[in-house]
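Next come the chains, spelled out residue by residue.
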Amino acid sequence: MSASGGTKAIVAALAANLAIAVAKFVAFLFSGSSSMLAESVHSVADSGNQGLLLLGGKKAQREATPQHPFGYGRERYIYAFLVSIVLFSVGGMFAIYEGYEKIKHPHEIEAWYWPVGVLVFAIIAETFSFRTAIKESNAVRGDLSWKEFVRRAKAPELPVVLLEDLGALVGLILALGGVSLALATGNGVWDGIGTLCIGVLLIVIAVVLAAETKSLLLGEAAGVDDVKKIEDAVVDGRTVTRLIHMRTLHLGPEELLVAAKVAVQHDNTAAEVASAINAAEDRIREAVPIARVIYLEPDIYSESAAANGVNPAKNPDGPGH
């Protein structure tokens, strides 16, 4: 995912949520609807989330330092994880509390046209934001399904915005349903039930976001396509004859570390090996431009070691295998 694409989607979502938050809160003041209060807090939380994503993107651009030699690319993962926490605590738990209170102490909705009008406006605004996120995601997700895109994306911003906007739209429909049923029946319990459903929805989305960003924080390897490109680029068939084993790790959404042990001819000179290693690094960077940190270790391939099943995960610095 390009940084610019993610930023465009975040800014669109932020603008929509700020406008919606103000409108929902005004509607709550005039109508007393708990669904509107929960939705206004939801929009405020979403606005804060988008602010966190923008801040994370800004901090991730800092130059590497001696203390952080691989840079700050993972800042984007940290702030995306914070988003899931905010969505859970501020949005989901508050909505559940409000829903419970409204079910326990229901009251009729006043000035019904305020919540209904604001919810219709909010649905239109959120649809615009969701459409922008879908458009930016389509530019980078390729043949992946939406589920696969959310699970495999190395840049967290678009999946976060997609899930937030989807949750916002479903939440607005739930709020509109709760308000409509409360108005039709004259029973404010339906407003509370709608609010409770919004809270459960937000918590489910928060858990999904937390699980995906946790995986990124722990460190994920390159995607299958990039791994294949790197494997094809390493071997030149002359000096570098085989890829013995390789590890990749995302230092950030757009920065990849590649560490590999490669087989060279036993009679090559040191100068020939050094030249071949440099050429292999150039081929890797050409094939996968985000591979910015590359460490290649030359070794002599051993058929016997390979036959004995040496495990590079347990002994990555063992003899050629």
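Residues numbered from 1 in each chain as written. Predicted model: local features only at pLDDT ≥ 70, side-chain atom pairs only at ≥ 80, totals over all residues. Heavy atoms only, no water.

Here's the deal with the packing of aromatic side chains
One pass over the full model with this rule turns up four aromatic pairs. Relative to Trp114, the ring of Phe30 has its centre 4.5 Å away and its plane inclined at 10°; by these criteria the two rings are stacked. Of this pair, Phe30 sits in helix α1 (residues 3-31) while Trp114 sits in helix α4 (residues 113-141), and the two are 84 residues apart along the sequence. With relative accessibility at 46%, the residue Phe30 sits in the partly exposed group. Its end group placed over the ring of Tyr72, Arg62 keeps NZ or CZ at 3.9 Å from the ring centre. Across the ring face of Trp146, the terminal group of Arg141 is positioned such that the distance to the ring centre comes to 3.9 Å. (Phe/Tyr/Trp six-rings, centres within 6.5 Å; stacked < 30°, edge-to-face > 60°. Helix = DSSP H or I, 4+ residues; strand = E, 2+ residues; numbered from the N terminus. Buried < 20%, exposed > 50% of the residue type's maximum accessible area, 1.4 Å probe, protein only. Lys NZ or Arg CZ within 6 Å of the ring centre and 35° of its normal.)

Thoughts on empty space enclosed by the protein
The full count for this structure, using the stated rule, is one cavity of 30 Å³ or more. In this structure, the largest cavity occupies an estimated 90 Å³ of space. Secondary-structure elements contributing two or more residues to the lining of the largest cavity are α5 (146-152), α6 (157-185) and α7 (189-218). If one sorts the elements of the lining of the largest cavity by residue count, α7 sits on top with five residues. Residues belonging to the lining of the largest cavity are distributed by class as follows: nine nonpolar, one polar and three charged. (1 Å grid on protein atoms, 1.4 Å probe; cavity = no way out; pocket = protein on both sides within 12 Å on 5 of 7 lines; lining within 4 Å. Points joined across faces, edges and corners; volume = space filled by probe spheres on them. Nonpolar A, V, L, I, M, F, W, Y, C, P; charged D, E, K, R; others polar.)

Thoughts on the confidence of the model for the protein
Averaged over all residues, the pLDDT of the protein equals 84, while 92% of them reach at least 70. Confidence, read as mean pLDDT per element, is least for helix α10 (residues 303-307) in the protein (58) and greatest for strand β2 (residues 255-264) (94). Below pLDDT 50 for its whole length, residues 1-5 participates in twelve contacts with residues either more than four positions away or in separate chains. (pLDDT = per-residue confidence, 0-100. Contact = heavy atoms within 4.5 Å.)

Section: the environment of Thr248
Here Thr248 is to be found in strand β1 (residues 240-252). Residue classification places Thr248 among the buried positions, given a relative accessible area of 12%. With residues near it in sequence (within four places) discarded, Thr248 still touches Glu220, Ala221, Ala222, Val227, Ile230, Leu256, Leu257 and Val258. Of the polar contacts made by the side chain of Thr248, one reaches the backbone nitrogen of Ala222; its length is 2.9 Å. (Polar contact = N/O pair within 3.5 Å; in protein donor to acceptor, adjacent residues only side chain to side chain.)

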